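# Working through the structure, step by step
What follows is each chain in one-letter form.
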Amino acid sequence: MASSSSPSIDSLDQERPPSIESIQTIVHSITHHIQTFLSTPKSRRRVKTNCTSKLNNLKQDFFEFSEQSVLSNLYWGIQGIEAAIIAKCPEELSNRLKNSEEMLQAPALLEEHGVTAGVSNAFLVSCSYFYLSAVRKLQGDNWQSALHFLQALSVSPIFTRTEFAPELCTSLLMSSRSSEIMDDDDDEINKLLRRMARRYKAWLTYYQVMSYKGSPHQHQQEEEEEEEDELLLNNNKSVNTQSSNSRELENIFQGPHKVQELTVTLLESTQVSSGGISSSSNTGRLGDILKENQSDVSVSGDSNDSYFKEDVGFELTSQKIKGASASATTSERYFSSFSLSELPIFDLKCKRQYPSENSVHRDEKLLEKMLQQNDAQIFDSQSSSSSIMQRKTSGRDLQQHGKDSQYELMTILEKTVSKLCFSNEKLKFDEDYSFEFVRIYGLLSKKKGVKYTLLKDVILNQLLTAISTSEEVALVRASVSILTTLVSGNKSVIEDVKKKGLQLHDLANALKRNVHEAVILIYLTNPSPVEIKTLELLPSLLDIVCTNSNTCCKGRLDSLLPTPPAASLMIIEVLVTGFDYATNKRHLAAINVPRVLAGLLDIQRYNNTKEYTSLATILVRCMQFDGQCRKYISEFTPVAPFLYLLSSSQEHARSIALEYFHELLQMPRSSANKLLRRMLTEGSINTMHTLMLLIQKSQHEHKLLSAFLLLQLDMLESSSGKSIYREEALEHLLEPLKSSPGSAGQQLSAFLMSSLGGTYSWTGEPYTVAWLLKKTGLTTCHHRNMIRNFNWLDESMQDAATDLWCRKIARILIKTGVPVFRALENGLKSGTKKVSRDCLAAMAWIGCEIGNCPEDLRHEACDILLRSEVQQFLHPGVELEERLLACLCIYSYASGKGMQKLIHFSEGVRESLRRLSTITWMAEELLRVADYFHPNKWRISCVHTQVVEAGQKNNGAVTALIYYKGQLYSGYNDGSIKGWEIKGQTATLISDMKEHRKAITCLSLFEAGDCLLSASMDRTIRMWQMVQSKLECIEVIGTKEPIQSLDSYRKQILGISLSHEMKVFDTSSTEREVTMAKNVKCLRVVRGKVYIGCMDSSIREIDLSKNKEREIKAPFKVWRMQSRPISSIAVYKDLLYCSSLTVEGSSIKEWRRQSKPRITIVPEGGTHVRAMEIVEDFIYLNCNQSPSTLQIWLRGTQQKVGRISAGKKITSLLAANDMILCGTETGVIKGWIPL
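What you see is a predicted model, and the numbers here were worked out from it, not measured in a lab. (Residues numbered from 1 in each chain as written. Predicted model: local features only at pLDDT ≥ 70, side-chain atom pairs only at ≥ 80, totals over all residues. Heavy atoms only, no water.)

## Here we look at the overall build of the protein
For the protein, the helix and strand inventory stands at 48 helices and 30 strands. Here the protein holds 1235 residues, and the buried ones make up 57% of them. Put simply, of all contacts in the protein between residues at least 6 apart along the chain, 64% involve residues at least 24 apart. For the protein, the accessible surface area stands at approximately 52500 Å², while carbon and sulfur atoms represent 48% of it. (Helix = DSSP H or I, 4+ residues; strand = E, 2+ residues; numbered from the N terminus. Buried < 20%, exposed > 50% of the residue type's maximum accessible area, 1.4 Å probe, protein only. Contact = heavy atoms within 4.5 Å. Areas by Shrake-Rupley, 256 points an atom, 1.4 Å probe, with all protein chains shown as cover.)

## Notes on the packing of helix 27 (residues 564-577) against helix 28 (residues 581-591)
With their axes 7 Å apart at the nearest point, helix 27 and helix 28 run at an angle of 135 degrees to one another. Classified by the angle their axes make, helix 27 and helix 28 are oblique. Judged by residue contacts, Ile572, Leu575, Val576 and Thr577 of helix 27 engage Asn584, His587, Leu588 and Ile591 from helix 28. Here the contact of helix 27 with helix 28 is built from residues that sort into 5 nonpolar, 3 polar and no charged. (Axes fitted to C-alpha atoms, helices over the stretch in contact; angles between N-to-C directions. Parallel < 35°, antiparallel > 145°, perpendicular 65-115°, else oblique. Nonpolar A, V, L, I, M, F, W, Y, C, P; charged D, E, K, R; others polar.)

## A short note on helix 20 (residues 450-469)
When the terminal C-alpha atoms of helix 20 are compared, their 28 Å separation across 20 residues agrees well with the 28 Å that a helix rising 1.5 Å per residue should span. Turning to helix 20, its buried residues number three or more, namely Tyr452, Leu455, Lys456, Ile459, Leu460, Gln462, Leu463, Leu464, Ala466 and Ile467. (Expected span 1.5 Å × (residues − 1).)

## Brief notes about the packing of aromatic side chains
In this structure the tally under the stated criterion is 16 aromatic pairs. Summarising the aromatic geometry, the rings of Tyr75 and Trp76 are spaced 5.0 Å apart at their centres and angled 85 degrees between planes, so their arrangement reads as edge-to-face. Note on Trp76: relative accessible area 13%, which makes it buried. Three or more aromatic residues joined by ring pairs form one cluster here, namely Phe37, Phe123, Phe130, Tyr131, Phe149 and Phe164. Over the face of the ring belonging to Tyr972 we find Lys978, whose NZ or CZ atom lies 5.6 Å from the ring centre. (Phe/Tyr/Trp six-rings, centres within 6.5 Å; stacked < 30°, edge-to-face > 60°. Lys NZ or Arg CZ within 6 Å of the ring centre and 35° of its normal.)

## Brief notes about the sheet that holds strand 3 (residues 944-951)
Spatially, the 4 strands line up as an open sheet ordered 3-30-29-28, and their pairing is antiparallel. Where the open sheet ends on each side, the last strands, each with one partner, are strand 3 and strand 28 (1210-1216). Each neighbouring strand pair of the sheet contributes to a mean axis angle of 20 degrees, computed without reference to strand direction. Alignment of strand 29 (residues 1219-1224) against strand 30 (residues 1228-1234), held across 4 bridges, turns out to be antiparallel. (Pairing = 2+ DSSP bridges.)

## Quick word on the sheet that holds strand 8 (residues 1000-1006)
The strand order across the open sheet formed by 4 strands is 8-9-10-11, and the pairing between neighbours is antiparallel. Two strands in the sheet have a free side with no partner beyond their single neighbour: strand 8 and strand 11 (1030-1038). In this sheet, neighbouring strand axes are inclined to one another by 25 degrees on average, regardless of whether the strands run parallel or antiparallel. Of the strand pairs in this sheet, strand 8 and strand 9 (residues 1011-1016) are connected by 6 bridges, and their pairing is antiparallel. Residue pairing across strands places Ser1004 opposite Leu1013, the latter belonging to strand 9.

## Comments concerning helix 37 (residues 724-739)
Here helix 37 is 16 residues long and its end C-alpha atoms lie 23 Å apart, about the 22 Å a rise of 1.5 Å per residue gives. Along helix 37, the largest kink reaches about 30 degrees and is centred on Leu733; proline Pro736 follows within four residues of it. The inward-facing, buried residues of helix 37 abut helix 35 (687-697), helix 36 (700-717), helix 38 (744-756), helix 41 (800-816), helix 42 (818-828) and helix 43 (833-846). (Bend = angle between axes of the 7 residues up to and from the residue.)

## What about the side chain of Asn1217?
Here Asn1217 shows up in the loop between strand 28 and strand 29. A polar contact of 3.1 Å, which involves the side chain of Asn1217, links it to the backbone oxygen of Val878. Setting aside its immediate chain neighbours within four residues, Asn1217 contacts Met786, Val878, Glu879, Leu880 and Arg883. (Polar contact = N/O pair within 3.5 Å; in protein donor to acceptor, adjacent residues only side chain to side chain.)

## A short note on a nonpolar patch on the surface
The grouping of Ile903, Tyr932 and Phe933 at the surface amounts to a nonpolar patch, some 330 Å² of accessible area in total. By the secondary structure assignment, Phe933 is in helix 47 (residues 921-933). (Patch = residues over 30% accessible without salt bridge, like charges linked within 9 Å, V, L, I, M, F, W, Y side chains within 5 Å. Salt bridge = Lys/Arg side-chain N within 4 Å of Asp/Glu carboxyl O.)

## Quick notes on the pattern of salt bridges
Side chains that differ in charge, positive against negative, can pair when their charged atoms come close. All told, the structure shown has 37 salt bridges when counted by the stated rule. Put simply, Arg630 and Glu663 hold a salt bridge, and the shortest N to O gap is 3.0 Å. Here the residue Arg630 occupies a position in helix 31 (residues 629-636), and Glu663 occupies one in helix 33 (residues 651-664), the gap between them amounting to 33 residues. Assigned by exposure class, Arg630 and Glu663 land together as buried. For the salt bridge of Asp714 with Arg726, the shortest nitrogen-to-oxygen distance reads 2.9 Å.

## Concerning the pairing of strand 12 (residues 1043-1049)
For strand 12, a buried count of 6 out of 7 residues is recorded, marking the element as mostly surrounded by other parts of the structure. Pairing between strand 12 and strand 13 (residues 1052-1057): 6 bridges, direction antiparallel. Counted as the bridge partner of Ile1043 is Ser1057 from strand 13. Between strand 12 and strand 13, which pair antiparallel one after the other, the connecting turn spans 2 residues, and Arg1050 there sits at a positive phi close to 55 degrees.

## Details of the environment of Asp1134
For Asp1134, the position within the fold is in the loop between strand 20 (1128-1132) and strand 21 (1135-1139). Separated by 13 residues in sequence, Asp1134 and Ser1147 place their C-alpha atoms 5.7 Å apart. Residues contacting Asp1134, with those up to four places away along its chain left out, are Arg1087, Ser1146, Ser1147 and Ile1148.

## Looking at the nonpolar core
If you look at soluble globular proteins, the nonpolar side chains tend to sit buried side by side. By size, the foremost hydrophobic cluster in this structure holds 201 residues, and its most contacted members are Leu600, Tyr660, Phe821, Trp845 and Tyr893. Formed by 60 residues, the second largest nonpolar core is a distinct cluster that contains Leu74, Val119, Tyr131 and Leu168. (Core = buried A, V, L, I, M, F, W, Y, C linked by side-chain atoms within 4.5 Å.)

## Overview of the pairing of strand 14 (residues 1062-1065)
With burial as the criterion, each face of strand 14 is covered, one bearing Met1062 and Val1064 and the other bearing Lys1063 and Phe1065. As defined by bridge partners, strand 13 adjoins strand 14 across 4 bridges and the pair is classed as antiparallel. Bridge assignment links Ile1056 to a residue of strand 14, and that residue is Met1062. Hairpin connection, strand 13 to strand 14: the antiparallel pair is bridged by 4 residues, and His1060 has positive phi, about 65 degrees. Pairing of strand 14 with strand 15 (residues 1071-1074) involves 4 bridges; the strand directions are antiparallel. Each bridged residue has a counterpart across the sheet, and for Lys1063 the counterpart in strand 15 is Glu1073.

## Considerations on the confidence of the model for the protein
A residue-level look at the protein finds 75% of positions with pLDDT of 70 or above and a mean pLDDT of 75. Below pLDDT 50 for its whole length, residues 57-65 participates in 20 contacts with residues either more than four positions away or in separate chains. Long-range and interchain partners of residues 424-428, a stretch whose pLDDT sits below 50, account for 11 contacts in this model, where long-range means more than four residues apart. (pLDDT = per-residue confidence, 0-100.)

## Focus on the packing of helix 1 (residues 20-39) against helix 6 (residues 142-155)
Relative to each other, helix 1 and helix 6 sit at 85 degrees, their axes nearing to 9 Å. By the angle between their axes, helix 1 is roughly perpendicular relative to helix 6. For the pair helix 1 and helix 6, the contacting residues are Ile23, Val27, Ile30, Thr31 and Ile34 in the first and Asn142, Trp143, Ser145, Ala146, Phe149 and Leu150 in the second. Of the residues contributing to the contact of helix 1 with helix 6, the split by class is 8 nonpolar, 3 polar and no charged.

## Quick notes on unusual backbone geometry
At His1060, a residue that is not glycine, the phi angle is positive and equals roughly 65 degrees. Topologically, His1060 is positioned in the loop between strand 13 and strand 14. Positive phi is not limited to glycine here, since Glu1176 has a value of about 50 degrees. Here Glu1176 is to be found in the loop between strand 24 (1169-1175) and strand 25 (1178-1183).

## Concerning the environment of Glu881
Inspection of the secondary structure assignment puts Glu881 in helix 45 (residues 880-893). On the accessibility criterion, Glu881 (2% relative accessible area) is buried. A C-alpha to C-alpha distance of 9.8 Å links Glu881 and Ala841, two positions 40 residues apart in sequence. Beyond its immediate chain neighbours, meaning those up to four positions away, Glu881 contacts Val769, Leu773, Ile787, Arg788 and Arg837.

Printed below as a string of structure tokens:
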């Protein structure tokens, strides 16, 4: 905003030039507006939108000198300024500003009167100079920034007034002609602004060039240093009497633009001889210098002044420039914008005569007034203005003054520090008081000596005392703010403060009292992770992050310090990465809530690469902790800032960006494709080209992540033809599979290949295998729960985009040819189980389209598949998902004429297919084809091998066994439930819950809720569900008496009580009794019907949907057999088996017709069968006579072929994945498999 002291526009028609104070105020007003503009993202976006909306075809990134290239240069020049504002280091800031300046000079060279590509040249030139003004401000050159703005105003007042700086122009007009402005129309206002701009530009240029003239070296080096001390003291103003106008003037000049030096130089520069410029002058012709300085090719000045040099002005510097003639090709627009009456200002020939006495006197009065003000305001009239003038004009007095200046300086500093630190005014901390602290400390920092060091210690001690002991929050806040400002100017201050005993707990207490600036100091002290954890800062840090107000984000745009939210962000990064898994998880639990995530995702708060890197690290950890936040992050987070990290010069930033996108893309395929499209359209960089460069620069896993991301982007964009990106990415993605057996790179490569054509759930779980298994016809709840933790009802399983994506990407990979299959063959032969399994999944989804490829390629792929011994995954004992994937691969690749290759299958492979035929129709069809080409007489091996043994002997007997979500769960006599992960011959305990108070009686699956049911002697049924890979109880159903057997039908839970009554529980947990004519012992639900074994050895069938009941097996007629109940019912293929004193089996239709059983087995000794299970060709019986053994019977011939001893009494039995598992009374679980 323009100051009220702006010079009147009425003086434009007068010959008297504007005073230096007026010019300084104009410069300050302009640069203050530019500073406000740069520090306000909303204003930048508004002006940028207004500018770019007038341009056509903006994003063609080429720079030939044509009309389109001019517009492109303007567009990318503006974009470069935005990138510079968020630059991560001074070097990057300087480079980006330099590039923007070069681009903006192209449209600035246009003639004002004309049109370029349909856009007015006046607008293009004005826009260019306005943004050049912003560039110069960011470079720290306030003077040149003001000149560029005035040039923009003189070229097009209407655009500048309406588009770029309406408030500034209005303020200038109001302060100049407040009584007339309302009477002027727009044309008059524009003319008035143009005249103002031209006149002020002329005089501003004149004063600028005059300031470069150096003073004669007429004193010794010692005298100059003493004079510098004096001038520095004169610049130091007191808190109580400081003039706002003087404070504004000081911020205008950097280096040679200091007020005192400028005034002295102006006085000396007017003393020229009649023959021209004095020979001692090192300044060339003023007109030439101006042309050189204001030509369209910008000449950069020294813009590396520090905070203290720019805003406090403690150090005076001098800068010299060499004279240079303007080039003949230089644009004359700058000088043509001046009026005829103003041009003589730049002609030194008009100044050859000596200045008049009035002129000299006026300049002397100006200097005297300024120095007198400084002395009066700061040092209480320590010396008079006349003595200052005498010291300035008399070398003799100056020499005498030099002898006493050190003592005088020390005395004044002591008094000033005493006033600041120990007066009663310290309780009135405000902006001016803080400003004075900074000024004095900066002055002391430039002096050497014990006394200066002591005074600095006094200031620091005062601040630290206030922070650690004060009860007033305002005083603590002011002290922290001052200390933060000192550190922003000189980061070595933080080391001084740490040496003086700065306590982190004092800063932590201040932070907890809502002194948000304290977090900046905590961050700068660089505490260890343990210290951060001890301070318990997380709640306060999250409060800062969640604060929507910008009041805690005050700070200079060019400050190297982070804002409080940014500092909080970087400390939070340490809290979620610097500790053990449990501690990090606890911190993530506090962060991973919508309120905190919303604060973290306020992207506009962050300014540089380091802050965005910290944000990406935190978001990656949050998604790994709880994948459900992935949906929120993908919806509300722009991708452009993280794309920018990919092009960062810092390797860590690039790596985190790759991990962020890899983690974020683990979502359902349709949503992942939308995110990939956003990555192609958002941001100002060529994402695919950047990823290509990353592949070449990155190491190990990040090279693979770059290739994986590039491959997805390329395949999304095009589906036909060759692509350099695709071929390069695929080559690097497959390379570890070929040459790095067992390495981490090979594992990652195999995983990425398995996921490339599939999908994920929103939790981040890979669902490619589940999606493939669904194709094999895996439908029963029992079989699905033998597979690892998949939610078969997840939306990703019904995502139609997965099929389309898989077919598209499979066709592209198949066109690549044999190298893809050879790489996957190497992976299948890997000794690492994870690698071979992932390669098997990749072969499976690629095989979905293999039938549409050329026949010769399909045959070669089939040969590679079979040569890789994929058949080994079919054998019993291998995990069910791998057996099914291998079956899917063979079925896909051996289709058509390839079926003849099945004749080479061994007898063991055929036996494996036969056992799988009860689970998937594909195995049954493959077996039929193999038998057609090469009939086989089946030979059944009765050898059983123990493959599993696990147990806990402190929980009593194992009373129940069941598979749920791919894990084996066991119930115990003490009421506990344990979860086991079975891998090959190893069982690992992964969970242990004890919420039942008494013994577990049975475990069952509840398909409707995808839950596990447990019944106990404590008269409760508990419903369990997998939540974040952990079993949790979600509901408790009370019963009138204990339940001994459970099953479910639709949304109903069926149970049999200890009193042999049937109970039904619906979704409201209401218990009702089904009236039965007989007592019941066991039940089994098959194809919507409930089959109940009764105590009198009969079996009844109940249709709950129709509420019908009938008897399908009559009780024994022999009187002594009637008391033997049906102990168990099992179903295998189309046969229903029941056990009592005998084992009988028939089809359900035969049972309904009361036909003679197809299978009848009488156990040895005529004992009662306690439990029964069926695995393919074998029936396993546990009888009363030998409770610790299992009798093995052939199902087809009803012959006993052996027995298995468990060592102790068997208390539970389960058949799963061709294995027979039993639990014993000692708590041990054993498992066998028929080979």
